[in-house]
Structures are given as C-alpha cells and as structure tokens.
Amino acid sequence: MSRDADPTRSATEARPGPGGDTAASALTTLDAQGLRRVLEANQIGVWHWDLARDTFEHSSHMARMLGYADGELPTGDAWVALVHADDRPRSTHALREHLAGRQPDVEVEMRLRTKDHAWRWMYLHGQITSRGADGRALCMEGVLLDVSARKLTETALAASEARLRAVVDNVPVGIILADARGAPLFTNDAFRRILHLDDTEGRSLDWMAAMAPADREELQRLQGALVTAETDAIRLEFDYQRPGHPAQRVDARIARVHAPQADFTFIGVGEDVTQARAQALEHERLLRHLQQAQKMEAIGQLTGGIAHDFNNLLTAVVGFSQLAMNLRVQDSTGKLAEYLRTVIAAG
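We now turn to the structure provided with this report. (Residues numbered from 1 in each chain as written. Predicted model: local features only at pLDDT ≥ 70, side-chain atom pairs only at ≥ 80, totals over all residues. Heavy atoms only, no water.)

1. Describing the overall build of the chain
Here's step 1: Broken down by element type, the chain carries nine helices and ten strands.
Here's step 2: In the chain, which comprises 347 residues, the share counted as buried stands at 30%.
Here's step 3: Accessible area of the chain: about 22000 Å², with a carbon and sulfur share of 56%. (Helix = DSSP H or I, 4+ residues; strand = E, 2+ residues; numbered from the N terminus. Buried < 20%, exposed > 50% of the residue type's maximum accessible area, 1.4 Å probe, protein only. Areas by Shrake-Rupley, 256 points an atom, 1.4 Å probe, with all protein chains shown as cover.)

2. Quick look at the pattern of salt bridges
Here's step 1: Evaluation of the coordinates by the stated rule reveals 22 salt bridges.
Here's step 2: Ionic pairing is found between Arg165 and Asp169, a salt bridge with its closest N-O pair at 3.4 Å. Of this pair, Arg165 and Asp169 both sit in helix 5 (residues 148-170), four residues apart, which is roughly one turn of the helix.
Here's step 3: When its relative accessible area of 43% is taken as the criterion, Arg165 is described as partly exposed.
Here's step 4: Residue classification places Asp169 among the partly exposed positions, given a relative accessible area of 27%.
Here's step 5: When the shortest N-O distance is used, the salt bridge between Glu218 and Arg221 registers 2.7 Å. Of the two residues, Glu218 and Arg221 both sit in helix 7 (residues 213-227), three residues apart, roughly one turn of that helix.
Here's step 6: Look at the salt bridges and you will find they share partners, linking Glu109, Arg150, Lys151 and Glu154 into a network. (Salt bridge = Lys/Arg side-chain N within 4 Å of Asp/Glu carboxyl O.)

3. Quick look at the side chain of Glu97
Here's step 1: Mapped onto the fold, Glu97 is located in helix 4 (residues 88-99).
Here's step 2: If near-sequence neighbours (up to four positions away) are discounted, Glu97 is found in contact with Arg102 and Gln103. (Contact = heavy atoms within 4.5 Å.)

4. Some details on the nonpolar core
Here's step 1: In terms of nonpolar packing, the biggest core is built from 22 residues, with Met62, Leu66, Leu73, Trp79, Leu112, Leu124 and Leu144 touching the most fellow members.
Here's step 2: Looking at this core, the elements that each hand over two or more residues are helix 2 (60-65), helix 3 (77-82), strand 3 (106-113), strand 4 (119-131) and strand 5 (137-146).
Here's step 3: Apart from the residues lying within four places of it in its own chain, the contact partners of Leu124 are Trp47, Val106, Glu107, Val108, Met110, Val143 and Leu144.
Here's step 4: Within the second largest apolar cluster, 21 residues are counted, among which are Ile194, Met208, Leu236 and Ala252. (Core = buried A, V, L, I, M, F, W, Y, C linked by side-chain atoms within 4.5 Å.)

5. Re the pairing of strand 6 (residues 174-178)
Here's step 1: Among the five residues of strand 6, five are classified as buried, and the element is accordingly described as predominantly covered.
Here's step 2: Burial of the side chains of strand 6 extends over both faces: Gly174, Ile176 and Ala178 are buried on one face and Ile175 and Leu177 on the other.
Here's step 3: Both strand 6 and strand 7 (residues 184-187) contribute to a ladder of three bridges, which runs antiparallel. Directly across from Leu177, in strand 7, lies its bridge partner Phe186.
Here's step 4: Between strand 6 and strand 7, which pair antiparallel one after the other, the connecting turn spans five residues, and Gly182 there sits at a positive phi close to 95 degrees. (Pairing = 2+ DSSP bridges.)

6. A short note on helix 7
Here's step 1: With 15 residues, helix 7 should reach 21 Å at 1.5 Å per residue; the first-to-last C-alpha distance of 21 Å fits that figure.
Here's step 2: The set of residues buried in helix 7 consists of Asp215, Leu219, Leu222, Gln223, Ala225 and Leu226. In an axial view of helix 7, the angular spread of the buried residues amounts to 155 degrees, which keeps them on one side of the axis. Turned more than 90 degrees off the buried face of helix 7, the exposed positions are Pro213, Ala214, Glu217 and Arg221.
Here's step 3: In this structure, the buried side of helix 7 is in contact with strand 8 (233-240), strand 9 (248-256) and strand 10 (266-272).
Here's step 4: Just past helix 7, the residue Ala229 takes up positive phi, approximately 65 degrees. (Expected span 1.5 Å × (residues − 1). Arc of directions from axis to C-beta.)

7. Some points on the side chain of Asp215
Here's step 1: Mapped onto the fold, Asp215 is located in helix 7.
Here's step 2: Of the side chains with opposite charge, Arg249 lies nearest to the buried Asp215, which makes no salt bridge, at 4.2 Å.
Here's step 3: If we ignore the near neighbours within four places in the chain, the residues touching Asp215 are Leu236, Glu237, Phe238, Asp239 and Arg249. (Lys, Arg positive; Asp, Glu negative; His and termini not counted.)

8. A word on the sheet that holds strand 3
Here's step 1: With antiparallel pairing, the five strands of this open sheet are ordered in space as 2-1-5-4-3. Only two strands of the sheet have a single neighbouring strand rather than two, namely strand 2 (55-58) and strand 3. Neighbour-to-neighbour, the strand axes of the sheet open up by a mean angle of 25 degrees, direction not taken into account.
Here's step 2: Bridge count for strand 4 against strand 5 is nine bridges, and the pairing is antiparallel. Within the sheet, the bridge partner assigned to His125 lies in strand 5 and is Val143.
Here's step 3: Where helix 4 meets the sheet, it contacts strand 1 (44-50), strand 3, strand 4 and strand 5, and its direction lies at approximately 150 degrees from that of strand 3.
Here's step 4: In the packing of helix 5 onto the sheet, the strands contacted are strand 3, strand 4 and strand 5, and the crossing angle to strand 4 comes to about 125 degrees. (Axes fitted to C-alpha atoms, helices over the stretch in contact; angles between N-to-C directions.)

9. Remarks on the sheet that holds strand 6
Within a sheet, neighbouring strands are paired by backbone hydrogen bonds and run either parallel or antiparallel to one another.
Here's step 1: Taking strand neighbours across the sheet as the criterion, the five strands line up as 7-6-10-9-8 in an open arrangement whose pairing is antiparallel. Only two strands of the sheet have a single partner each, and these edge strands are strand 7 and strand 8. When the angles between neighbouring strand axes are averaged without regard to direction, this sheet yields 20 degrees.
Here's step 2: Bridge count between strand 8 and strand 9: eight bridges; the pairing is antiparallel. Counterpart to Asp239 in the pairing with strand 9 is Arg249.

Here is the structure:
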C-alpha cells in the first residue's frame, strides 16, 4: 500500500549471512512479522515522514485508530486540521524545536479528530532519522498511541482532587496531617486561622507554646501514646492564647490513619469552641436561675396551699366560737365569754 509505512523498516534491512540471501530474507521476514504483531498488540501506530519529498506514510493500525480505512487518513495540511485548535500551537512548537535541533525529539499529547468527528487523546513521539550534509532534516519516524483512557482517568482524578481541595480549604474545621513522628506535613487554612499561624508556623509544632501549660503537657502525653500505638485516637479540649489575640478554647481530635498508601500517619481536626463554651456556660447559668425560680415558685404554691387550708380551719373555729357565744354563753363577763371573744378577734 503506497501510504502504509513499513513499521519494521529497520528490522527488514537485508543482512547477509552464511546461508546467503535466502536465509537472510527468511530471517528478516520473521523479524518483520514478529515486530508487526508486537506493535499491533500494543495498539501502536507507526508513521514515516519524508521531508525531502513531503510524503507521509503510516501503518494501517494508525489509520484505524482514528476510524479511517487504509489510504483514507488525511496528510499534509489536512492532517494538521485534525489537531484540536487548542493543541495545535503546542504541537507545532514542539515540532519546530526538534527540527531546529533544540530538542532531541518530538513528544506531545494532543487531541485528534476521528473520522466520525469525535476527539481522541493521542501521544505522538518522533525523531529525525536522517539529515542532509547541510544538517537539514530529511526524514522523521515515530509512533502514535491512543491515550484517551488515561486522559479520562487523569481528568476524573484532577476533578476529584479539586473537589477535595475545595472541601479542605473551605471547611470551617482545622485539619492537620502528620508523619509517624507527629511532625506536621499539611495544615489547611482553617487550622492556621483558628490558631493564628502563618504558613511556616503551620508546618511546625511551635504553636503549642501558646497552650496552657497543663493542657500542653496533657497533649504531649496523649501524642506520645499515639506515636507508640498505645491508642488509635485522642481528644483534648485546651486553653490557647497567642500574643496579641484573645484567649480561646480549642477542641482537638487526632487519630491514626490505617491506609498504607497514604503519605501521612495521623490526621487531626481542631475547632474553636470559645463561643460555644461561653454559650454553654451562659446556658448553665440561666438554667440554674430558672431552677431556682421554679423552686421559689413551688415553695410559694406550697405556702399558699397551707395558708388556704389553715384559713379554712380558722374560719370553722371562728364560726363555731361565734355560734357558742350567741347560744351558750349567759354571762358575757365570764371567762368563757372572754375566751370566745379572743378567738373571734384573732380570726
């Protein structure tokens, strides 16, 4: 086929041997068949560009990669038109750099339009294989690989990493990653903001100097237990104050990461609970006040009930005393009359 490059060009050059031309021809035929099978099995397209004659040849598989039959794959300016507009300047620059001798080869990833107008990511690698006496490039050869699957994976991974980065950077909780010795490897913006640290301070443990001494000693003790695997997780709420900043209350939790592929051993989260702590204390104070008021109200109700019951009894006593005074007492100056008048007066 006139446009089908021989992917085994170097392997099929005649190599005379003891058996003469027949043996060399048989050997090179086997080499050519084997190399062709290897290239096709690995989905590798081969191309050959004769710059002196301005002709471009390619393997059948290279055409099939883009959905073309043998002899259909465009060449020349039509080939350039297959390159995505966003990738064309980069690929053209890579080719010019190699032709000028400033780069040892051409290596570029670009999108090529297939026959059905879809876009496929391709990896192109090529090198000048022949130059004229004046140093001008005469011939280039190279390969073309379909890397669309890898590109899709990379794109999905990049999107996943971007989402994770957005979460880590915007979550209101501080995050710290540490190595097996407990040394910080990473801190997010919230961690540094909560503890009033710059980027450099966030990569050390010097901020612990701003902790209350008793809390710092306790945290160091708990960290030691983590590092020596005595425990898998710790939690501590501590007082913290950096010079020039108000006192804070921080809730910290650190846990061992059970992921061999991770480049960190511990993950910690921290949250400024100063306001929440103050609100909790105020809530407790108001609750105690409410409970005291409820107690006083209960006592008042009890007292009122007793007074009401006593008043009922007193009413009966006064009533009967008045009745006795009217019906039974003949001598209004006697002791009985005096007693009854005293009871009635008290009621």
